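Residue-level listing of the chains:
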Amino acid sequence: MSKYQYYTKEGYENLKNKLADLKGRGRQDIAYQIAEARDKGDLSENAEYDAAKDAQGHMESEISKLETLMSVARILDESAIDNSKVSLLNKVTIKNLKNGAQMVYTLVAEEEADLKQGKISINSPFAKGLLGKAVGDKAEIQAPAGIVEVEVVDISM
């Protein structure tokens, strides 16, 4: 992972806070669990100790992953975003040409994606099909249910 990953200020802060929480409270909790399990006797037959050590390994792996993400993370200057074509952090209104339904999505970094909030990953097939399109452009996007034909109705911040 050598290129930059761009985030909203909110997304960047969420990553930073999650990392700080895992390094602080997360490590303390795991250390406490390991100490508790160690106090129960023979470590060779102690399932609680094994489970706590496994949890520690998973958490350290997650910390390492977040540290790597933070090393390439950059906050995108929203004032520099071009709204004439679909790009990262744009709010895109599209119309399904088959049924007329309109949908609004914001294209965000993968870690910020949340479909319930209308945020889709810039790496998703749907977002890739919209990138670079202007208002009025049509796109054929490969979706799980098949190819969806859409038209870009609006691009905003």
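These lines cover the structure that appears in this document, whether it is placed above or below. (Residues numbered from 1 in each chain as written. Predicted model: local features only at pLDDT ≥ 70, side-chain atom pairs only at ≥ 80, totals over all residues. Heavy atoms only, no water.)

**Thoughts on the overall build of the protein chain**
The condition that has to hold: Counting from the N terminus, the helices are the DSSP runs of H or I reaching at least four residues and the strands are the DSSP runs of E reaching at least two. Note on method: radius of gyration uses C-alpha positions; expected globular size equals 2.2 Å times residues raised to 0.38. Summary of the burial criterion: residues with accessible area below 20% of their type's maximum are buried, those above 50% are exposed, and those between are partly exposed, where the area comes from a 1.4 Å probe applied to protein chains only. By definition, residues are in contact when any of their heavy atoms lie within 4.5 Å. Using a 1.4 Å probe, the Shrake-Rupley method yields the accessible areas, and only the shown protein chains count as cover for residues. By the counting scheme adopted, Arg and Lys are positive, Glu and Asp are negative, and His together with the chain ends is not counted. Charged groups are reduced to one reference atom each: NZ for lysine, CZ for arginine, CG for aspartic acid, CD for glutamic acid.
When helices and strands are tallied, the protein chain shows three helices and seven strands. When the helices and strands of the protein chain are placed in sequence order, the string is β-α-α-β-β-β-β-α-β-β. On C-alpha atoms alone, the protein chain measures out to a radius of gyration of 22 Å, which is more than a quarter above the 15 Å that the 2.2 N^0.38 rule sets for 157 residues. Burial status across the protein chain gives 36% buried among its 157 residues. Looking at the protein chain alone, contacts between residues at least 24 apart form 50% of all its contacts between residues at least 6 apart. Carbon and sulfur atoms make up 49% of the accessible area of the protein chain, which amounts to about 9,700 Å² in all. Measuring between centres, the 21 positive side-chain charges of the protein chain sit 5 Å from its 26 negative side-chain charges.

**A short note on the nonpolar core**
This is how the line gets drawn: Nonpolar cores are built from buried Ala, Val, Leu, Ile, Met, Phe, Trp, Tyr and Cys residues. Side-chain atoms within 4.5 Å join them into one set.
One finds I94 and L130 to be the most contacted residues of the largest nonpolar core, which totals 21 residues. Residue assignment for this core shows that the elements contributing at least two residues are β3 (91-96), β4 (102-108), α3 (125-130), β6 (138-143) and β7 (146-156). Beyond its immediate stretch of four places on either side in the chain, I94 contacts A101, Q102, M103, Y105, F126, L130, V150, E151, V152 and V153. Listed in part, the 17 residues of the second largest apolar core include Y7, Y12, L19 and M59.

**Section: unusual backbone geometry**
One non-glycine residue, L89, lies in positive phi territory at about 75 degrees. Position of L89 relative to the elements: it lies in the loop between β2 (73-75) and β3.

**Some details on the environment of K16**
Considering the arrangement of structural elements, one finds K16 in helix α1 (residues 9-38). For the pair K16 and E67, spaced 51 residues apart in sequence, the C-alpha separation works out to 9.0 Å.

**Digging into the pattern of salt bridges**
Spelled out, the test is: By salt bridge we mean one thing: a side-chain nitrogen of Lys or Arg within 4 Å of a carboxyl oxygen of Asp or Glu.
Taken as a whole and assessed by the stated rule, the structure comprises eight salt bridges. The salt bridge partner of K16 is E13, with a shortest N-O separation of 3.6 Å. Taken together, the residues span about one helical turn, with K16 and E13 both in helix α1 at a distance of three residues. Accessibility expressed as a relative area gives 27% for E13, which makes it partly exposed. For K138, the salt bridge identified is with E151, shortest N-O distance 3.9 Å. Highlighted residues: K138 in strand β6 and E151 in strand β7, separated in sequence by 13 residues. Each member of the salt-bridge network shares a partner with another, and the members are D21, R25 and D29.

These results come straight from atomic positions and should not be treated as a statement about function.
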